[in-house]
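A structural walkthrough
What follows is the residue order along each chain.
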Amino acid sequence: MKQKSIVKCHVFIVLMMLMASVPADLSAQGEVKDSAAHSRLDEVQQLKEVVVSAPVRSKVKANSIETRIVGSDLEHVGSAEDVLTRVPGMMKNGETLEVIGRGAPIYYINGRRIYDLGELKQINSEQIRAVEVINNPGADYDATVSAVVKIKTRRIQGEGLGLDAKMRLEQSLYREQTSPGLNLALNYRHKNIDIFGGANNWIGHYNEGGEMAATTKSTNVSSEQIGDYSIHERSAGYQFNLGSAWQLNDSNSVGAIVRFDGCWSDKSDKTVSETVWFNGELRDRLTTLDNWRIRPNRGYLFNAYYNGKIGNISIDWNFDRYHHKACQNNDIKEKGTIEPRQFPTSTYTRNNLWATKLVLSYPYKKSSFKLGGEYVSVNNDNAYEAQSLSMVSASNTHEKTASLFAEYSLMSPIGQWMAGLRYEHVVRDYEDIHESANNNKTRQDELFPFFSWSKGFGPLNLSLNYTVRTVRPQYWQLIDALRYHSKFIYENGNPQLDNTIDQTLSLSANYKWLVFAFDYLNAKRAIMDWANSYYDYGPILLRPKNLPEPVKCITTYIVAQPRLGCWMPNYTIGFSKQFLTLDLKDVSEPLGVRTASFSHPMFVVMANNTFKIDNRDNIPCQLEINLQYQSKMSYKNSLLQQPKWILNVALQRTYMNGNLTFRLSGNNLLDRIVYDAVADYGNCSVRKEFNQHKSNITLDIHYRFNASRSKYRGSNAGQDAINRM
């Protein structure tokens, strides 16, 4: 396996050398250019089309950091996902993009909320005008939103038919697996009408392998589980969308879009081998084969909007309808020293959402007012069946959220002031179909204030923010029924979970090509999974609960984005430290209680290096070498024991006046993203170490013909509820 990976790396290096040496103007091959007139004409044309890029410039605004992409060194780094890994305030944690200190954000492209993060790989960096990272969302965002990323694309004028096609081939360096993807987008514009549609098909693979161990203690029994496991998954999916936008006049527009997505197939194989001891004596040697298939797995999202003005009042209205259903069937085979057995399980989920949102804005002299409301209705059905284990359950969760918010902004000689308040009324009705005693109905009325001050002092910009947000339980965390993981691990939800309240104070600044940020977070009633013994001689039970103590955290980072000739470095140094102390029940202690501290800091270093390679092309060849390091850290009651090293290398060339782009990249070449976590629950501790083996070589081919930006201005309502599904 290792020898094959080395051969693939050699092939990757040869391909990069070939791309760098191929002439840029493919159409010029074989042409005779011995005429002085032709040479002068070529020189004039090159001068007209020469592209001059500038260093990346970021600016701290009221509650965000905005980075200009067009005309900067980030204009040709690949996809929107590649851009975001280099934007101040963003980092890549494994395969997930995060806002430093805030976690995963929500995304908007030209005001349209996106739910499929695969779209970030489909948008080319040349299409992006600016990226705004909002690390303290205002009152007009759902109280559960901790961070927002807004991507604004360039305004490209033109009418008629446009085509944007992108093909991706991803070859794993770990296994003989190729993951292709194809995305086609068509756009027809005529005067004030824009009709667009697209299709995206992909095949993906997921591999994971590692070790796990768990120990439990009670008055009479102590148990230990040690084993290893592997997961191999293959999925094939699709997404189709169709929409239109109509610009009624310069101030008013309407539009609608419908998106269908799902999986053609999704199947996975999991193998677990474990040894179990009770009181130091061998209890069982168990091998479990778990094959699961998910079908159907499909849904749709419909959005309609109106964006306009009546006098000086701006109106932004959105309506959403979302539906999704999935059924997972597992075939489990267990072979142990006690007794072998085979049995099926099935899980069914169905989600429905209706949502609408209205925002009114009114400017007055140097101030502005914003007033709005949002209503979201969610219906979640869930059923689980493992007949041979006598585990049968069905539940329904109906949640309705009504929100009102107001925001005021004032520009004064001492800076820009913003203040807002959001009120949310939430009614959640949980019904257990088989056990009515578990039924639960809750009502919550909460206020979420927001405050911001910002001021510019020449090249120095400062911003100070205070926000209160919330984290609501995922819908699956509210289901009280038992779920089967293995013979010695069960799981169930907790319908009594409370919301988490996050209070954040932050300071941001930028000076020329330097960006600095500092955050303080106080999280009350943080939600986390907790492990206990189900009964003395039984399995471990995983169940979410609210922590009794608040989780406090400080985060700070500094970003440097200078330009040194053809070398354009983008370096980030960050630090984060959690402060959490818990009194844990532990029968091995004389008093039955043990105090544990979870405060190991995390250090992050991101060194992104871009080199412009001179050649005859109007858009130069570009080489990228990016390295990221993340140290050990504490997260809630867990310690991540191994650092992560990520090395990505890419070479990009553009042809046909920028319409055809080839990008060859090697990702996670060190294969050092190892997750090694130990969770301490007092009487129970769990350790899991695994590697997802994401090392791969990827070729992206992007072709555009008369491509233009869509006029669609829908922004979606009910954004948080869809995420929680």
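Residues numbered from 1 in each chain as written. Predicted model: local features only at pLDDT ≥ 70, side-chain atom pairs only at ≥ 80, totals over all residues. Heavy atoms only, no water.

1. What to know about the overall build of the protein
A count of helices and strands for the protein gives 5 helices and 40 strands. Here the protein holds 725 residues, and the buried ones make up 50% of them. Taking contacts inside the protein between residues at least 6 apart in sequence as the whole, the part at least 24 apart equals 67%. If you sum the accessible surface of the protein, you get close to 33,300 Å²; carbon and sulfur atoms cover 58% of it. (Helix = DSSP H or I, 4+ residues; strand = E, 2+ residues; numbered from the N terminus. Buried < 20%, exposed > 50% of the residue type's maximum accessible area, 1.4 Å probe, protein only. Contact = heavy atoms within 4.5 Å. Areas by Shrake-Rupley, 256 points an atom, 1.4 Å probe, with all protein chains shown as cover.)

2. Section: the pairing of strand β2 (residues 64–68)
Two elements, strand β1 (residues 57–60) and β2, share 4 bridges in a ladder whose sense is antiparallel. If you follow K59 over to β2, its bridge partner there is E66. Between the end of β1 and the start of β2, which pair antiparallel, lie 3 residues. One ladder, built from 5 bridges, connects β2 with strand β7 (residues 128–134); its direction is antiparallel. Across the sheet, residue T67 finds its bridge partner in β7, namely V131. (Pairing = 2+ DSSP bridges.)

3. A word on the pattern of salt bridges
Under the criterion given, the structure shown has 26 salt bridges. E132 is the salt-bridge partner of K152, the closest N and O atoms lying 3.6 Å from each other. Separated by 20 residues along the polypeptide, K152 in strand β8 (residues 148–153) and E132 in strand β7 bring together distant segments of the chain. For R543, the salt bridge goes to D480, with nearest N and O atoms at 3.2 Å. Separated by 63 residues along the polypeptide, R543 in strand β27 (residues 540–546) and D480 in the loop between β21 (460–471) and β22 (483–486) bring together distant segments of the chain. For D480, a relative accessible area of 18% translates into the label buried. A single network of salt bridges, built from pairs that share partners, joins D142, E374, R422, E424 and R472. (Salt bridge = Lys/Arg side-chain N within 4 Å of Asp/Glu carboxyl O.)

4. A look at unusual backbone geometry
One non-glycine residue, N668, lies in the positive phi region at around 50°. Since its relative accessible area comes to 3%, N668 is described here as buried.

5. Here's the deal with the confidence of the model for the protein
Low-confidence regions, as indicated by low pLDDT, have predicted coordinates that should not be scrutinised in detail. Per-residue pLDDT for the protein has a mean of 85; in total, 88% of the residues score no lower than 70. Looking across the protein, the model is least confident in helix α2 (residues 36–49), with a mean pLDDT of 36, and most confident in strand β28 (residues 551–560), with 95. Contacts from residues 21–52, a stretch scored under 50 in pLDDT, to residues over four places away or in other chains number 21 contacts. (pLDDT = per-residue confidence, 0-100.)

6. Let's talk about the nonpolar core
In a soluble, globular protein the nonpolar side chains are often hidden away together inside. Counting 21 residues, the largest nonpolar core has L84, M90, V131, V149 and I151 as its most contacted members. Those elements giving two or more residues to this core turn out to be α3 (80–84), β4 (96–99), β5 (106–109), β7 and β8. With sequence-adjacent residues up to four places away left out, M90 is seen in contact with L84, T85, L97, E98, V99, I100, Y107, V133, V149 and M606. Membership of the second largest hydrophobic core comes to 17 residues, among which are A523, A526, L584 and F598. (Core = buried A, V, L, I, M, F, W, Y, C linked by side-chain atoms within 4.5 Å.)

7. Thoughts on the sheet that holds β27
Backbone hydrogen bonds hold the strands of a sheet together, and the pairing may be parallel or antiparallel. Sheet architecture is open: 4 strands sit in the order β22-β23-β27-β26, paired in mixed fashion. Only two strands of the sheet have a single partner each, and these edge strands are β22 and β26 (527–533). Neighbouring strand axes in the sheet, compared pairwise and without regard to direction, differ in orientation by 30° on average. (Axes fitted to C-alpha atoms, helices over the stretch in contact; angles between N-to-C directions.)

8. Quick look at the packing of aromatic side chains
A full pass over the atoms with the stated rule returns 16 aromatic pairs. For the ring pair F369 and Y408, a centre distance of 4.9 Å and an interplane angle of 45° mean the geometry is tilted. With F369 in strand β17 (residues 367–386) and Y408 in strand β18 (residues 391–412), this pair connects stretches of sequence that are 39 residues apart. Three or more aromatic residues link up through ring pairs in this structure, and these residues are F343, Y484, Y490 and Y534. (Phe/Tyr/Trp six-rings, centres within 6.5 Å; stacked < 30°, edge-to-face > 60°.)

9. Looking at the environment of G458
Position of G458 among the secondary structure elements: in the loop between β20 (440–457) and β21. Along the backbone, G458 and K512 are 54 residues apart, and their C-alpha atoms lie at a distance of 9.7 Å.

10. Some points on the sheet that holds strand β6 (residues 112–114)
An order of β1-β2-β7-β8-β5-β6 is seen for the 6 strands of this open sheet, with the pairing classed as mixed. The sheet terminates laterally at β1 and β6, the two strands that pair on one side only. Each strand axis lies, on average, 20° off the axis of its neighbour in the sheet, ignoring direction. For β5 and β8, the ladder comprises 4 bridges, and the chain directions are parallel. Across the sheet, residue I109 finds its bridge partner in β8, namely I151.

11. Description of the environment of Y306
Of note, Y306 is situated in strand β14 (residues 281–310). Those residues within four positions of Y306 in sequence are excluded, and the remaining contacts are N252, S253, V254, I315, D316 and W317. In this structure the side chain of Y306 is engaged in a polar contact, spanning 2.4 Å, whose partner is the side chain of N252. (Polar contact = N/O pair within 3.5 Å; in protein donor to acceptor, adjacent residues only side chain to side chain.)

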